[in-house]
Amino acid sequence: MKQIIYWLAIVLATFGIGAGIGLGISWGISPIKSQNSTPATLNPSGKDTYRILIADNFRVTGDLARARIRLDLLDGSQATNELVEQAYRLSMDPVGEKDSNSLIFLHDAIINIHSPATSSVTLLTNTIQAIPSDSTVTPDNANYFPVTTKIPITATETLSVTPSTFTVINSDPICDPNQQTPLLQVMVIDPSGKPKSGIVIQITFPGGSERIITGLQPELGKGYADFRLTPGVNYALNVQESVGTYEKISATDCFSMTRGTYPGGWLLVIQL
Amino acid sequence: MMKSRQIILLLCILVVGGAAGLIYGWFINPTEYIDTTFNMLSIDYQTDMVLMTGEIYSSDLDLTAAIQRLSQIGNTNINDLMEDSLVYAHEMSFSKQDVDQLEKLKNAIALIYGGNTIQP
């Protein structure tokens, strides 16, 4: 009996060693090379490049159905968030401004199509018509490939693009003695009062300018963005792709018993 | 001391264990790839990227930008990439419009660079 257990242990141990060697080879030393991966597995840099390609393509074709399918394959349910996040990163770099604009343009088109309250994209001065195409797909079809499956795109996805104006419907000083740096807080809403994310706002000041994008701090609201004000500096605000400028923004004077006079910020509510 | 027959038996068990490990690691639960590159994409996605580039080129006629985009896709030369994409497009019966875009870009590249290899 003892000998049987002894031999059983040796057999199992030998098998285990063999299996361990096999796994070491198949997982570590010589794993199967993937030559059939999907965009979802691309490295972050590759995804960024792919996203820009999709956005640039959408800009010239206006084919929103294809762009959305491609984005779904790349980022899944996070597609719109990834667009805004990348646009924000690129907006920090002057070289990336064109790409940033393309991403925001696509993001806004998707959001507008999703929202029945707004049926047009107000970003450019020219008109883009979605090119009728006979190819689209259902994203949950694993075998799907955009250019091979044929589903007609309906006319409801035609984008009518017209210049827009913005209106500052409310501006309130923000005096918070606990806030060390005054903030320009901006809330962007659409005509029905819904917050709008992905809106690029250009803040201009003597000697430079910066861009902020709404929706990057979702905990503060989809239409929210902020900017640190330097006391004594005058700022002007533009909403990108919209007409008009809101000028003479500067830190306001506030007073509290604990801090005395100190610089405060502003809360602007902008309606597009 | 083990007899030679027992040693052979254990070696056989070792080989069977190794084979089981290989089968499991290669076929049942293979390594999941993340952080892949464009040249690891399947041909359909690569073709889609080429098609997107072709559509952009048809609009802006910026061949330099188109080649820059294409150079990011494959580790083969761009002529091969264009050829592979066109073959795939024909095989999968892409629409005439899509095939035309691919051919237009391919011809533009051939016109400028002839048969020269364009390496990424």
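Everything below is about the structure shown above.
A short tour of the structure in this document, coming up. (Residues numbered from 1 in each chain as written. Chains lettered and ligands numbered in written order. Predicted model: local features only at pLDDT ≥ 70, side-chain atom pairs only at ≥ 80, totals over all residues. Heavy atoms only, no water.)

Things to note about the overall build of chain B
When you go through chain B residue by residue, the secondary structure sums to five helices and zero strands. Counting from the amino terminus, chain B carries its helices and strands in the arrangement α-α-α-α-α. Scored against the burial criterion, the 120 residues of chain B give a buried share of 42%. Here the contacts in chain B between residues at least 6 apart in sequence split such that 61% fall between residues at least 24 apart. (Helix = DSSP H or I, 4+ residues; strand = E, 2+ residues; numbered from the N terminus. Buried < 20%, exposed > 50% of the residue type's maximum accessible area, 1.4 Å probe, protein only. Contact = heavy atoms within 4.5 Å.)

Remarks on the nonpolar core
Ranked by internal contacts, the top residues of the largest apolar core, which has 52 residues, are Tyr50(A), Ile54(A), Leu106(A), Met49(B), Leu70(B), Leu105(B) and Ile109(B). Among the secondary structure elements, those contributing two or more residues to this core are helix H2 (44-61), helix H3 (64-75), helix H4 (79-91) and helix H5 (97-114) of chain A together with helix H2 (43-60), helix H3 (63-71), helix H4 (78-91) and helix H5 (96-113) of chain B. In terms of residue count, H2(B) provides more of this core than any other element does, seven residues in total. Among residues more than four places away in sequence, those in contact with Leu105(B) are Val50(B), Thr53(B), Gly54(B), Tyr57(B), Leu63(B), Ala66(B), Leu70(B) and Met82(B). (Core = buried A, V, L, I, M, F, W, Y, C linked by side-chain atoms within 4.5 Å.)

What to know about the pairing of strand E4 (residues 200-205) of chain A
All names here are of chain A. Here E4 runs beside strand E5 (residues 208-213); their pairing, made up of six bridges, is antiparallel. Residue pairing for E5: Val200 is matched across the bridge by Ile213. Linkage of E4 to E5, two consecutive antiparallel strands, is achieved through a turn of two residues, within which Gly207 is found at a positive phi near 90°. When E4 meets strand E7 (residues 235-239), the two strands line up antiparallel, connected through four bridges. Directly across from Ile203, in E7, lies its bridge partner Leu237. (Pairing = 2+ DSSP bridges.)

Here's the deal with the interface of chain B and chain A
Contact residues are listed per partner, giving 45 residues for chain B and 49 residues for chain A. Overall, the association of chain B and chain A removes approximately 4,100 Å² of surface from exposure, summing both partners, and the carbon and sulfur fraction of that is 65%. Summed over the shared surface of chain B and chain A, the result is four salt bridges. Between Asp56(A) and Arg69(B) there is a salt bridge, and its shortest N-O distance comes to 3.2 Å. For the pair chain B and chain A, the interface holds 17 residue pairs in polar contact (both at pLDDT 80 or more). Elements with a minimum of two residues in the side of chain B that touches chain A: helix H1 (4-28), H2 and H5 of chain B. By residue number, the principal contributor to the side of chain B that touches chain A is H1(B), which donates 13 residues. Class assignment for the residues of the side of chain B that touches chain A results in 22 nonpolar, 17 polar and six charged. (Buried area = accessible area lost by both parts, 1.4 Å probe. Salt bridge = Lys/Arg side-chain N within 4 Å of Asp/Glu carboxyl O. Polar contact = N/O pair within 3.5 Å; in protein donor to acceptor, adjacent residues only side chain to side chain. Nonpolar A, V, L, I, M, F, W, Y, C, P; charged D, E, K, R; others polar.)

Some details on the environment of Leu106(A)
By the secondary structure assignment, Leu106(A) is in helix H5. For Leu106(A), a relative accessible area of 0% gives the class buried.

Some thoughts on H3(A)
Residue and element names in this part refer to chain A. Along its twelve residues, H3 runs 16 Å from first to last C-alpha, staying within 8% of the 16 Å computed at 1.5 Å per residue. Looking at H3, one finds that the buried residues are Leu64, Ala65, Arg66, Ala67, Ile69, Arg70, Leu71, Leu73, Leu74 and Asp75. Positive phi shows up at Gly76, right after H3, with a value of about 60°. (Expected span 1.5 Å × (residues − 1).)

As for the pairing of strand E11 (residues 260-271) of chain A
Residue and element names in this part refer to chain A. Relative to E11, strand E2 (residues 167-174) is paired through seven bridges, and the arrangement is antiparallel. Bridge pairing in E11 places Ile174 opposite Gly265. Where strand E3 (residues 183-189) and E11 come together, six bridges link them in parallel fashion. Along E11, the bridge assignment pairs Val186 with Leu268.

Some thoughts on the pattern of salt bridges
Within this structure, the stated rule accounts for eleven salt bridges over all chains. Arg66(A) is paired through a salt bridge with Glu55(B); the nearest N and O atoms lie 3.2 Å apart. Of the two residues, Arg66(A) sits in helix H3 while Glu55(B) sits in helix H2, which places them in two different chains. Per residue, the accessibility class of Arg66(A) equals that of Glu55(B), and both read buried. Here Arg89(A) makes a salt bridge to Glu85(A), at a shortest N to O gap of 3.0 Å. In this pair, Arg89(A) and Glu85(A) are both assigned in helix H4, four residues apart and thus about one turn of the helix distant. If you follow the salt bridges from partner to partner, you end up with Asp48(A), Arg51(A), Asp75(A), Glu82(A), Glu85(A) and Arg89(A) in one network.

A few points about the state of the cysteines
All names here are of chain A. Tallied over the entire structure, the rule returns one disulfide over all chains. Paired by a disulfide, Cys175 and Cys254 hold their sulfur atoms 2.0 Å apart. For the disulfide bridge between Cys175 and Cys254, the dihedral angle about the S-S bond is near -75°, and by the sign convention the bridge is left-handed. Residue Cys175 is found in the loop between E2 and E3, and its partner Cys254 is found in strand E10 (residues 252-256); the two are separated by 79 residues along the sequence. (Disulfide = S-S within 2.5 Å.)

Concerning the packing of aromatic side chains
Residues and elements named next belong to chain A. Under the definition given, this model contains eight aromatic pairs over all chains. For the pair Phe227 and Tyr235, a centre-to-centre distance of 5.4 Å together with 75° between the ring planes defines the contact as edge-to-face. Neither residue differs from the other here; Phe227 and Tyr235 are each classed as buried. Members of the aromatic cluster, connected to one another through ring pairs, are Phe205, Phe227 and Tyr235. Positioned above the aromatic ring of Phe105, the side-chain terminus of Arg59 is 5.1 Å from the ring centre. (Phe/Tyr/Trp six-rings, centres within 6.5 Å; stacked < 30°, edge-to-face > 60°. Lys NZ or Arg CZ within 6 Å of the ring centre and 35° of its normal.)

Quick word on the side chain of Ser91(A)
Residues and elements named next belong to chain A. If you trace the backbone, Ser91 turns up in helix H4. Judged by relative accessible area, Ser91 falls into the buried class, the value being 14%. With residues up to four places along the chain from it excluded, the contact list for Ser91 reads Ser100, Arg211 and Ile213.

Read these as geometric descriptors, not functional statements.
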